[in-house]
Amino acid sequence: MPPGITIAADAPELSAANTGFMLICSALVMLMTPGLAFFYGGMVRVKSTLNMLMMSFISLGIVTILWVLYGFSIAFGTDHGSLFGWSSDYVGLSGIGLNELWDGYNIPVFVFAVFQLMFAIITPALISGALADRVKFTAWALFVTLWATIVYFPVAHWVWGTGGWAFELGVIDFAGGTAVHINAGAAALGVILVIGKRVGFKKDPMRPHSLPLVMLGAGLLWFGWFGFNAGSWLGNDDGVGAMMFLNTQVATAAAMLAWLAYEKIRHGAFTTLGAASGAVAGLVAITPSGGSCSPLGAIAIGAIAGLLCAMAVGLKFKFGYDDSLDVVGVHLVGGIAGSLLVGFFATGGVQSKAQGLFYGGGFEQLGKQAAGVGAVLAYSLIASAILAFLVDKTIGMRVSEDEEVSGIDQVQHAETAYDFSGAGGGTATRSAAAPAPVQETAKAATEKNKRVDA
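None of the values given here were measured: they were computed from a predicted structure. (Residues numbered from 1 in each chain as written. Predicted model: local features only at pLDDT ≥ 70, side-chain atom pairs only at ≥ 80, totals over all residues. Heavy atoms only, no water.)

Colleague: Can you walk me through the overall build of the protein in this structure?
Modeller: On a plain count of helices and strands, the protein comes out with 16 helices and four strands. Here the C-alpha atoms of the protein give a radius of gyration of 22 Å, agreeing with the 22 Å that 2.2 N^0.38 yields for 454 residues. Principal axes of the C-alpha set define a box for the protein whose edges measure 80 × 45 × 40 Å. Classification of the 454 residues of the protein by burial places 55% in the buried group. The contacts of the protein with a sequence gap of at least 6 include a subset with a gap of at least 24, amounting to 78%. Per element, the accessible surface of the protein, about 17,300 Å² overall, is 67% carbon and sulfur. (Helix = DSSP H or I, 4+ residues; strand = E, 2+ residues; numbered from the N terminus. Rg over C-alpha atoms; globule rule 2.2 N^0.38 Å. Buried < 20%, exposed > 50% of the residue type's maximum accessible area, 1.4 Å probe, protein only. Contact = heavy atoms within 4.5 Å. Areas by Shrake-Rupley, 256 points an atom, 1.4 Å probe, with all protein chains shown as cover.)

Listed below in structure tokens is the structure:
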């Protein structure tokens, strides 16, 4: 996705079909952020529901303004040192003509800018799931502002901007395995290492309060992800976007089944949370790789990612980091898996001629993928930890222990997700006519406790 404006006399004409297609894809990607809010919001306890929704939703406001002011210029402006871009015409999006086309494509610059904006919005929102229950909303808003500026915009240039070092090296990232998922997952790990664990971590049950909300959010993410992935080819002229669309569906299905099989063998139950999480793991893994593999390769990538992510979510209990909603286990691990598997499953016959190890390409592409993965992971982890430390030492990142226990929704937003004041007349006892709560099986309860501590 190279930067620049087409002004040559023989420039391609604007394609109404591709422009309309990309506007639809942009709207689909925008829908993913509210979908993420529901996905995360259902996974936390009742007292944190609104805060979790707002931590995703606020990104729609903050990042949009930053993108217009300078974010698009840093990410896709003229390259400077292979590390960041800058073009004065892109500052404020004020120097771009209405019909000027993105370099090498037949869509307007404004369409490309708004499509990439939606990527910039959802990436910091992904981080929020690791920080449930304990972060001041003002501190989160400040962190999003700093992180988007210092981490996301430059990394997007590395990966997708002409002149960016990863782009020029030949790292394949079709739609954001490094720039979005590894970036967000590593950032989440960096922040939680600074702010610490929630009160009651590994002691109190912290189960999802609404699995239907989780499933709704996962469904919206799956739906929106078709725009996220297929739209990243910036058109629909040669079949590559169609292949990416198909591979998105295939890998997601395979990952969901692999996750469910793992938890049935490991914990004795097929859970709705496992189905939703497995689907997201597949979506994450196919994001960088789906434009370079066949549908059979997509099955393998999805199944591998589903299994690895299902295993990885338990690492937080082993190593003691409080990743509330498994951002590290799903997005970091899934992003790494999908990015590295390009080096094995790239056929050389879809988005580029690069071939993976299983198609006669040797280790060359795998080495390039590893370089991209390692650099983004290290930079995001370290920079995010430093930013969290600075925010914590200035305005403070965490609410007080009493506020955390009493409920962050009421403290930070003066609201609660559900109003029970009219239910049951406020009586403390259950009506004799009301059915007794269904008891969970021991294995299912154990799985829920281990899987989510939100």
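Colleague: Got a minute to help me understand the environment of Leu246 in this structure?
Modeller: When you line up the elements, Leu246 lands in helix H8 (residues 240-267). On the basis of relative accessible area, Leu246 is assigned to the partly exposed category, the value being 41%. Expressed as a C-alpha distance, the spacing of Leu246 and Pro295, which sit 49 residues apart in the sequence, is 7.3 Å.

Colleague: Explanation requested: the nonpolar core in the structure shown.
Modeller: As a rule of thumb, soluble globular proteins bury nonpolar side chains together. Counting residues in each nonpolar core, the largest one holds 109 residues, and the members touching the most others are Phe72 and Leu131. Top contributing element to this core by residue count: helix H4 (residues 137-160), with 16 residues. Each residue touching Phe72, except ones within four places of it in the same chain, is listed here: Trp67, Gly77, Tyr90, Leu93, Ile96, Trp102, Val109, Phe112 and Ala113. The next biggest cluster of nonpolar side chains, apart from the first, holds nine residues, and it includes Ala251, Ile301, Ala305 and Leu341. (Core = buried A, V, L, I, M, F, W, Y, C linked by side-chain atoms within 4.5 Å.)

Colleague: Even after reading the chapter, I still don't get the environment of Val155, so can you show me in this structure?
Modeller: For Val155, the location among the structural elements is in helix H4. Here Val155 falls in the buried class, since its relative accessible area comes to 0%. Taking the C-alpha atoms as reference points, Val155 and Ala166, separated by 11 residues in sequence, lie 9.2 Å from one another. Sequence-distant contacts of Val155, defined by excluding residues within four places in its chain, comprise Ala179, Asn183, Val376 and Tyr379.

Colleague: Got a minute to help me understand the packing of aromatic side chains in this structure?
Modeller: The final tally for this structure, using the stated rule, is 27 aromatic pairs. Between Phe39 and Tyr40, the aromatic rings sit 6.0 Å apart at their centres with planes inclined by 35°, giving tilted as the arrangement. With relative accessibility at 5%, the residue Phe39 sits in the buried group. The buried category is assigned to Tyr40, whose relative accessible area is 1%. (Phe/Tyr/Trp six-rings, centres within 6.5 Å; stacked < 30°, edge-to-face > 60°.)

Colleague: I tried to follow helix H12 (residues 327-345) on my own but got confused; where do I start?
Modeller: Each α-helix winds once per 3.6 residues, and so residues spaced three or four apart point in a common direction. An ideal rise of 1.5 Å per residue puts 27 Å on 19 residues; H12 measures up with 25 Å between its terminal C-alpha atoms. Counting buried positions over the 19 residues of H12 gives 15, a clear majority of the element. (Expected span 1.5 Å × (residues − 1).)

Colleague: Looking at this structure, how should I read the side chain of Ser56?
Modeller: Following the sequence through the fold, Ser56 ends up in helix H2 (residues 49-76). Leave out the neighbours within four places in its chain, and Ser56 touches Thr33, Leu36, Ala37, Tyr40, Ala125 and Ser128.

Colleague: Just checking my understanding: could you explain the packing of helix H9 (residues 272-289) against helix H10 (residues 295-312) for this structure?
Modeller: Two packed helices can be described by the angle between their axes and the distance between those axes. One can describe the packing of H9 onto H10 by two numbers: an axis separation of 8 Å at closest approach and a directional angle of 130°. Here H9 lies oblique to H10, going by the angle between them. Remark: the crossing between H9 and H10 carries right-handed chirality. Between H9 and H10, the residues in contact are Ala281, Ala285, Ile286 and Ser289 and Ala298, Ile301, Ala305 and Cys309, respectively. (Axes fitted to C-alpha atoms, helices over the stretch in contact; angles between N-to-C directions. Parallel < 35°, antiparallel > 145°, perpendicular 65-115°, else oblique. Left-handed = near helix turned anticlockwise from the far one by under 90°.)

Colleague: What exactly am I supposed to notice about the pattern of salt bridges here?
Modeller: Pairing of side chains with opposite charge becomes possible as their charged atoms draw close. Across all of its chains, the model carries seven salt bridges by this definition. Overlapping salt bridges bring together Arg45, Asp133, Arg134, Arg198 and Asp322 as one network. (Salt bridge = Lys/Arg side-chain N within 4 Å of Asp/Glu carboxyl O.)

Colleague: How do you make sense of unusual backbone geometry when you look at a structure like this?
Modeller: Backbone phi values are negative for most residues with the exception of glycine, while trans is the configuration of most peptide bonds. Backbone geometry at Asp133 places phi at a positive 85°, although glycine is not the residue there. By the element assignment, Asp133 lies in the loop between helix H3 (109-127) and H4. For Asp133, a relative accessible area of 1% corresponds to the buried category.

Colleague: What is the right way to read the confidence of the model for the protein from this model?
Modeller: Caution applies to low-pLDDT parts of the model: their predicted coordinates are not meant to be read in detail. Across the protein, pLDDT averages 91, with 90% of residues at or above 70. Low pLDDT, under 50, characterises residues 1-9; the predicted model gives this stretch 37 contacts beyond four residues in sequence or across chains. Below a pLDDT of 50 lies the segment residues 425-454, which in the model reaches 51 contacts outside its immediate sequence neighbourhood of four places, other chains included. (pLDDT = per-residue confidence, 0-100.)

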